[in-house]
Amino acid sequence: MVNAKRITGKQLTDYTTKDVILLGQIKKISSNGKGIEMSTTDNVLVNVNLPEPINEVAEGYIEVYGTAMSRSTVSCKSYIIIPPEMSDNFETDKYNALLSTLLVIESKKWKINAEDDPL
């Protein structure tokens, strides 16, 4: 997942078959625990197929590392659950603005002058 791109839900279509990192709130868990529905920071509902059933209390935010399969599905390779007490004051509008900025500057983000190679 070294080259995974941190994206919003609305950008999923542009990254189909690519590795992505997606952040959102857990909305529903399937009966077998191997699938969740999450609402991304830009309010897109995404179905996430997990590699193994969730064995913990799953509420609050989840950061999913996986492959975008379609505009509404991600095949998860790993995830991190962020408990509500750690994310209560999370400002989704600022997070989304950061992702928009990173999308615009792409590989130029680490260049100080024209001769520098990005890392």
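## Points about the packing of aromatic side chains
Part 1 of the reasoning: The full count for this structure, using the stated rule, is 2 aromatic pairs.
Part 2 of the reasoning: Consider the rings of F90 and Y95, whose centres lie 5.5 Å apart with planes at 55°: the pair is tilted.
Part 3 of the reasoning: Of the residues examined, Y95 reaches a relative accessible area of 11% and is grouped as buried.
Part 4 of the reasoning: Taken together, the aromatic side chains of Y61, F90 and Y95 make up a single cluster linked through ring pairs.

## Some words on the confidence of the model for the protein chain
Part 1 of the reasoning: Mean pLDDT over the protein chain stands at 88; residues scoring 70 or higher make up 88%.
Part 2 of the reasoning: Confidence, read as mean pLDDT per element, is least for helix α1 (residues 84–87) in the protein chain (88) and greatest for strand β4 (residues 45–49) (98).

Parameters at a glance
- For every chain, the first residue of its written sequence is number 1, and the numbers climb from 1 along that sequence.
- Where totals are concerned, whole chains, interfaces and linings use all residues; where local detail is concerned, this predicted model gives features only for residues with pLDDT of at least 70, and gives and counts side-chain atom pairs only at 80 or more.
- Hydrogen atoms and water are omitted, and side-chain values are computed over all heavy atoms in the structure.
- What counts as a ring pair is set by centres within 6.5 Å for rings of Phe, Tyr and Trp (its six-membered ring), and what kind of pair is set by the plane angle: stacked under 30 degrees, edge-to-face over 60, tilted for all other angles.
- Residue burial is assigned from relative accessible area. The probe radius is 1.4 Å, only protein chains are included, and a residue is buried under 20% of its type maximum, exposed over 50%, and partly exposed in between.
- By definition, pLDDT measures how confident the predictor is in each residue, and it falls between 0 and 100.
- Secondary structure is summarised from DSSP: a helix means a run of H or I of at least four residues, a strand means a run of E of at least two, and numbering begins at the N terminus for each.

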